[in-house]
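Spelled out from the first residue to the last, the chains are:
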Amino acid sequence: MTDNQLIRRRYVFYGRVQCVGFRYVARGAAASAGATGWVRNEYDGSVMMELQGTPLQHDRVLQTLHTERYIRIDRTETRTIPVEKGERSFRVRY
């Protein structure tokens, strides 16, 4: 895989990830990095995010999430999934 090849991953984050602005930090980080996808709260207290971009864009978004003051990520499940062609933005799902 080259550094500019698009990949899409589904992340599930556990820890102090709800009621701390996680989704909005993720949206801002993805927009800043130029990545697309979505993020939403899950009923079990986790947050699920699908992120599409280059490996560097993924790294930038994850670094922002891990260094945000009020967010504490204890565990992350990651799975690579098919790229969604034509996706143009990153959004918060409700």
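Draft legend 1. The nonpolar core, seen in detail. Grouped together as the largest cluster of nonpolar side chains are 22 residues, with contacts concentrated most on F13, F22, V39, M49, L51, V61 and L65. Secondary-structure elements contributing two or more residues to this core are β1 (7-16), α1 (22-33), β3 (47-53), α2 (55-67) and β5 (90-92). Ranked by residue count, the leading element in this core is α1, at 6 residues. Residues within four places of V61 in sequence aside, it is in contact with A29, A30, A33, M49 and L51.

Draft legend 2. How the structure looks around the sheet that holds strand β4 (residues 72-81). With respect to topology, 5 strands assemble into an open sheet ordered β4-β1-β3-β2-β5, the strand pairing being mixed. Single-partner strands in this sheet number two, and they are β4 and β5. Each strand axis lies, on average, 15° off the axis of its neighbour in the sheet, ignoring direction. Pairing analysis gives 6 bridges linking strand β2 (residues 36-41) to β3, with the strands arranged antiparallel. Counterpart to R40 in the pairing with β3 is M48. On the sheet, α1 packs against β1, β2, β3, β4 and β5 and is oriented at approximately 170° with respect to β5. Packed onto the sheet, α2 meets β1, β3 and β4 and runs at close to 150° relative to β3.

Conventions adopted
Position numbers for residues count from 1 along each chain, tracking the sequence in the order it is written. The model is predicted, so local features are restricted to residues of pLDDT at least 70 and side-chain atom pairs to those at 80 or more, both for listing and for counting; the totals for chains, interfaces and linings are taken over all residues. Hydrogens and water molecules were not included; the side-chain quantities draw on all heavy atoms of the structure. Buried Ala, Val, Leu, Ile, Met, Phe, Trp, Tyr and Cys residues that are joined via side-chain atoms within 4.5 Å together make up what is termed a nonpolar core. Relative accessible area decides the class of each residue, using a 1.4 Å probe on protein chains only: under 20% of the type maximum gives buried, over 50% gives exposed, and in between gives partly exposed. Each helix corresponds to a stretch of at least 4 residues labelled H or I by DSSP, and each strand to a stretch of at least 2 residues labelled E; elements are numbered beginning at the N terminus. A contact between two residues is defined here by any heavy atoms of the two lying within 4.5 Å. When DSSP finds two or more bridges between a pair of strands, those strands are recorded as paired. All axes are obtained by fitting lines to C-alpha atoms, using only the stretch in contact for helices, and the reported angles, taken between N-to-C directions, cover 0 to 180 degrees.

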